[in-house]
Amino acid sequence: WHMCGRGGEPRFTSWNSAHVNYRCQCLGMDCPSIKTLTDCKLPFVLSREFGLHCFMFQMFCFIGPGKGLRRSPSQVRAGIEHHVFPQLHSMKSESVSRKISTVLKAHVPVGTPKSVKDGLTSRSLRQAGIAKMSMNPASTPHAVCARSGHKVGNNSDKCLDPDNLKRGLVGAQILACNEPT
């Protein structure tokens, strides 16, 4: 949701790239693109309204009671102890996408029509994030593309710095249900 990435991309995300950016008031992380084989820096911000929309709250729940920092000796030996989701690292991207899709379908509210439930996939998270950003009046195509990794489709693509956290900040604020600043 917050990355607006492809289903297999979370398997490459590493805590090694995480850093606090005080100027932007966010956590910055390198997020890989499996399609372009590049990384871009994405900001993640605190949500001022909803715990479930807050990346930091989600990571706290994953790390704290979820034991998200526990690593097996084999993961340490393999050198993947710094990955956010080391259990996904050895899986193929398609398998990670399928796993995400299965989890999504298992947690839809009771009474959700079968046609809606059957249509949910890992791509649904990316589509929902892009749709949410694009409907916000503070957003622009550049802001959406900075978050999703898509090309804007004009010559400005060559001039955009993928390492600039501010490019994705508007999208981060929108996805966290904050007013973009």
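Residues numbered from 1 in each chain as written. Predicted model: local features only at pLDDT ≥ 70, side-chain atom pairs only at ≥ 80, totals over all residues. Heavy atoms only, no water.

### Observations regarding the overall build of the chain
Next, step 1: The helix and strand tally for the chain stands at 8 helices and 3 strands.
Next, step 2: Element order for the chain, N to C, with α for helix and β for strand: β-β-β-α-α-α-α-α-α-α-α.
Next, step 3: Computed over its C-alpha atoms, the radius of gyration of the chain comes to 17 Å, within 12% of the 16 Å expected for a compact globule of 181 residues.
Next, step 4: Once the C-alpha set of the chain is aligned to its principal axes, its extents read approximately 45 × 45 × 30 Å.
Next, step 5: For the chain, the residues scored as buried account for 38% of the 181 residues in total.
Next, step 6: Excluding contacts between residues fewer than 6 apart, the proportion of contacts in the chain whose partners are at least 24 apart in sequence is 54%.
Next, step 7: Summing over all exposed atoms, the chain offers an accessible surface of approximately 10,800 Å²; the carbon and sulfur share of this is 59%. (Helix = DSSP H or I, 4+ residues; strand = E, 2+ residues; numbered from the N terminus. Rg over C-alpha atoms; globule rule 2.2 N^0.38 Å. Buried < 20%, exposed > 50% of the residue type's maximum accessible area, 1.4 Å probe, protein only. Contact = heavy atoms within 4.5 Å. Areas by Shrake-Rupley, 256 points an atom, 1.4 Å probe, with all protein chains shown as cover.)

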